[in-house]
Amino acid sequence: MELLDFFPENMRARWRQYSFCFNEVREIRLRVNHSVRVLCDRDIKLAIVYDERDMEEIFRYLCHDSVYAYEEERKQGFIMADGGHRIGITGELTALENGRYIAKYIRYINIRLAHEHKNVAREIINHIYDAKSGQPLNTLIISPPGLGKTTLLRDMIRLLSNGAAGHEGCNVGVVDERGEIAGAYRGSALLDCGERTDIITGGDKRQGISILVRTFSPRVIAMDEIGGELDAQSIFYAGVSGCGVIATVHGSTLEDIRKKRELDALFEQEIFKRFILISSDSSLSRYASIYDERGNELCGRKQLRAYA
Amino acid sequence: MTGAFGFGYALCYEMNRLLFHYKEQKQMLLYMINEISFLHMPMQEIFAAASVRLKEPYQSFTFGVSECMGERNGRTLYDIWSAKTEQMQKDGECPKAASAILMRIGESFGCEGDKMQIDALRLIEEELSEEIAKMSRENEEKSRLIRTLSILAGLFCIVLFI
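Report follows, based on the coordinates.

Regarding the overall build of chain B
Turning to step 1, where the next piece is worked out: A count of helices and strands for chain B gives six helices and zero strands.
Turning to step 2, where the next piece is worked out: A globule of 162 residues ought to have a C-alpha radius of gyration of about 15 Å, yet chain B, at 20 Å, is considerably larger.
Turning to step 3, where the next piece is worked out: Summarising its shape, the C-alpha atoms of chain B cover approximately 75 × 30 × 25 Å along the three principal directions.
Turning to step 4, where the next piece is worked out: With the model as given, the accessible surface of chain B reaches about 8,900 Å², and the carbon-plus-sulfur share is 61%.
Turning to step 5, where the next piece is worked out: Where the 18 positive side-chain charges of chain B centre and where its 23 negative ones centre are 5 Å apart.

Regarding the interface of chain B and chain A
Turning to step 1, where the next piece is worked out: Taken residue by residue, the interface counts 21 residues in chain B and 17 residues in chain A.
Turning to step 2, where the next piece is worked out: When chain B packs against chain A, the two sides together hide about 1,700 Å² of surface, and 42% of this comes from carbon and sulfur.
Turning to step 3, where the next piece is worked out: Of all residues in chain B, the largest losses of buried area upon contact with chain A belong to B:Arg72, B:Gly74 and B:Glu112, amounting jointly to 40% of the total for that side.
Turning to step 4, where the next piece is worked out: For the interface between chain B and chain A, the tally reads two salt bridges.
Turning to step 5, where the next piece is worked out: Across the pair B:Glu112 and A:Arg60 runs a salt bridge, and its minimum N-O distance is 3.3 Å.
Turning to step 6, where the next piece is worked out: Looking at the side of chain B that touches chain A, the elements that each hand over two or more residues are helix 2 (43-53) and helix 6 (114-161) of chain B.
Turning to step 7, where the next piece is worked out: Counting residues per element, the side of chain B that touches chain A draws most heavily on helix 2 of chain B, at four residues.

A closer look at the side chain of B:Asp114
Turning to step 1, where the next piece is worked out: Tracing the backbone shows B:Asp114 in helix 6.
Turning to step 2, where the next piece is worked out: A:Lys75 provides the closest opposite charge to the buried, unpaired B:Asp114, separated from it by 8.7 Å.
Turning to step 3, where the next piece is worked out: If we ignore the near neighbours within four places in the chain, the residues touching B:Asp114 are A:Tyr68, A:Glu71, B:Ile36 and B:His40.

Comments concerning helix 5 (residues 96-107) of chain B
Residues and elements named next belong to chain B.
Turning to step 1, where the next piece is worked out: Across its 12 residues, helix 5 extends 17 Å between first and last C-alpha, which sits within 8% of the 16 Å expected from 1.5 Å per residue.
Turning to step 2, where the next piece is worked out: Considered for burial, the residues of helix 5 that qualify are Ala98, Ser99, Ile101, Leu102, Ile105 and Gly106. One side of helix 5 carries all its buried residues, which in axial view fall inside an arc of 160 degrees. Away from its buried face by more than 90 degrees, helix 5 exposes Lys96 and Glu107.

Some remarks on the sheet that holds strand 3 (residues 43-49) of chain A
Residue and element names in this part refer to chain A.
Turning to step 1, where the next piece is worked out: With antiparallel pairing, the six strands of this open sheet are ordered in space as 3-2-1-6-5-4. The outermost strands of the open sheet, each flanked by one partner alone, are strand 3 and strand 4 (78-81). Sheet twist, expressed as the average angle between the axes of neighbouring strands with direction ignored, equals 30 degrees.
Turning to step 2, where the next piece is worked out: Relative to strand 2 (residues 35-39), strand 1 (residues 27-31) runs antiparallel, the two being bridged by three bridges. Bridged to Arg29 within strand 2 is Arg37.
Turning to step 3, where the next piece is worked out: Strands in contact with helix 2 (residues 52-62) are strand 1, strand 3, strand 4, strand 5 (85-95) and strand 6 (101-112); relative to strand 6, the strand with the most contacts, it is inclined by about 80 degrees.

Notes on a nonpolar patch on the surface
Residue and element names in this part refer to chain B.
Turning to step 1, where the next piece is worked out: Together, Leu145, Leu149, Ile151, Leu152, Leu155, Ile158 and Ile162 make up an exposed nonpolar region whose accessible area comes to about 730 Å².
Turning to step 2, where the next piece is worked out: Relative to the elements of secondary structure, Ile162 occurs in the segment after helix 6.
Turning to step 3, where the next piece is worked out: Exposure remark for Ile162: the relative accessible area of 84% places this residue in the exposed category.

The rules behind each value
- Residues numbered from 1 in each chain as written.
- Chains lettered and ligands numbered in written order.
- Predicted model: local features only at pLDDT ≥ 70, side-chain atom pairs only at ≥ 80, totals over all residues.
- Heavy atoms only, no water.
- Helix = DSSP H or I, 4+ residues; strand = E, 2+ residues; numbered from the N terminus.
- Rg over C-alpha atoms; globule rule 2.2 N^0.38 Å.
- Areas by Shrake-Rupley, 256 points an atom, 1.4 Å probe, with all protein chains shown as cover.
- Lys, Arg positive; Asp, Glu negative; His and termini not counted.
- Charge placed at Lys NZ, Arg CZ, Asp CG, Glu CD.
- Contact = heavy atoms within 4.5 Å.
- Buried area = accessible area lost by both parts, 1.4 Å probe.
- Salt bridge = Lys/Arg side-chain N within 4 Å of Asp/Glu carboxyl O.
- Buried < 20%, exposed > 50% of the residue type's maximum accessible area, 1.4 Å probe, protein only.
- Expected span 1.5 Å × (residues − 1).
- Arc of directions from axis to C-beta.
- Pairing = 2+ DSSP bridges.
- Axes fitted to C-alpha atoms, helices over the stretch in contact; angles between N-to-C directions.
- Patch = residues over 30% accessible without salt bridge, like charges linked within 9 Å, V, L, I, M, F, W, Y side chains within 5 Å.

And the structure:
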């Protein structure tokens with residue numbers, strides 16, 4: 001895939017002037033009447049400016065000329081592209097029924113490219129297995145946006161599914177509302193989530209967990225970005241059904257998460273036995289620290305790296 | 001009698017051909033409408049699925065459009081659809097009137113919501129239904145006329161030989 005693939009033919013000539021390595025690009029930021037910016041290891045400003053009409057045309061092209069088919073995603077502020085790339089869209093919103101909103105005029109587009117980094121979780125996977133029973137423990141990954149919590153989650157799913165650190169692989173169910181974990185496009189996982197993994201794309205966590213528990217007997221259920229009370233209830237349901245849970249949440253510290261009232265019940269019941277806190281330094285290297293349910297650090301800070 | 005039959009055949013051939021195209025186009029539109037209503041499928045997938053059910057030349061047409069869209073080479077659905085329609089007409093696979101309807105279908109794509117898209121397609125589908133009904137009636141009338149002409153021509157021949 002190339003960056004060009006995100007743009008209609010009449011806009012491709014200007015992109016051909018640049019030679020970006022697709023695997024190094026993390027984001028393409030399109031802002032109406034402002035220069036396009038490409039985020040690699042640094043933020044690069046391009047001599048390309050799109051106006052209102054261009055933005056609409058790009059959006060239409062990204063929707064494969066079937067805007068109606070992306071209505072549900074559009075209400076959530078993003079669409080998924082082939083390859084599991086998540087495209088954030090916003091601009092002027094208009095109210096719909098049920099208190100929901102949809103972008104009426106699309107003026108800002110953020111193309112976040114999904115890259116697969118295998119084995120980033122290799123050094124920490126051992127800590128999420130129970131030492132006695134050898135079963136995976138309920139784990140919460142905490143990270144500020146953009147530090148790779150979904151990448152880490154995906155790799156943990158893969159390792160749990162295939163088996164790692166001397167443990168047998170197990171059935172893993174993934175509730176992937178936005179298709180970001182598995183890079184799901186039209187229901188098919190394009191990124192490696194392991195050989196014993198069943199993935200539900202779309203819908204919501206509650207519905208997804210219910211389907212997985214009733215019909216797919218997963219040993220572990222994984223989900224991205226929990227936050228609301230309904231999410232907490234869903235995790236409870238998975239827990240009482242005998243499934244382990246691995247989830248991610250936005251935050252910078254353990255205290256941040258404990259302050260989230262919606263998740264209070266999960267902490268009171270000590271549902272999560274492991275917390276993985278992702279942080280970064282000034283050189284953008286990422287680290288993971290692992291804590292138990294009482295907040296005790298289990299091992300030193302580990303650098304997150306992809307291994308071949 | 002043979003002459004009368006020949007005349008009748010020539011008269012009806014074009015009409016039947018057009019009728020076939022209209023019926024296939026209607027079938028295609030109904031397929032699109034149903035897929036959008038129930039599964040919110042994007043056009044590329046609808047065309048791929050429709051290609052299995054439609055007759056030629058619409059089978060190749062929808063399959064070709066779906067393939068082109070899958071290439072993601074920067075062309076919009078309207079560009080692909082128009083080019084394929086023109087090609088089909090150029091190759092003599094589609095009468096001019098049927099090509100005009102196909103072009104209109106191409107112009108109706110790109111609506112923002114399910115309902116809007118369905119309504120846009122439904123409008124053309126209804127027009128096609130009316131046209132099909134009208135042509136079927138005309139076809140029936142012309143068949144009757146040809147049958148009568150054939151009988152008269154036969155009688156004329158008999159009288160002539162006697």
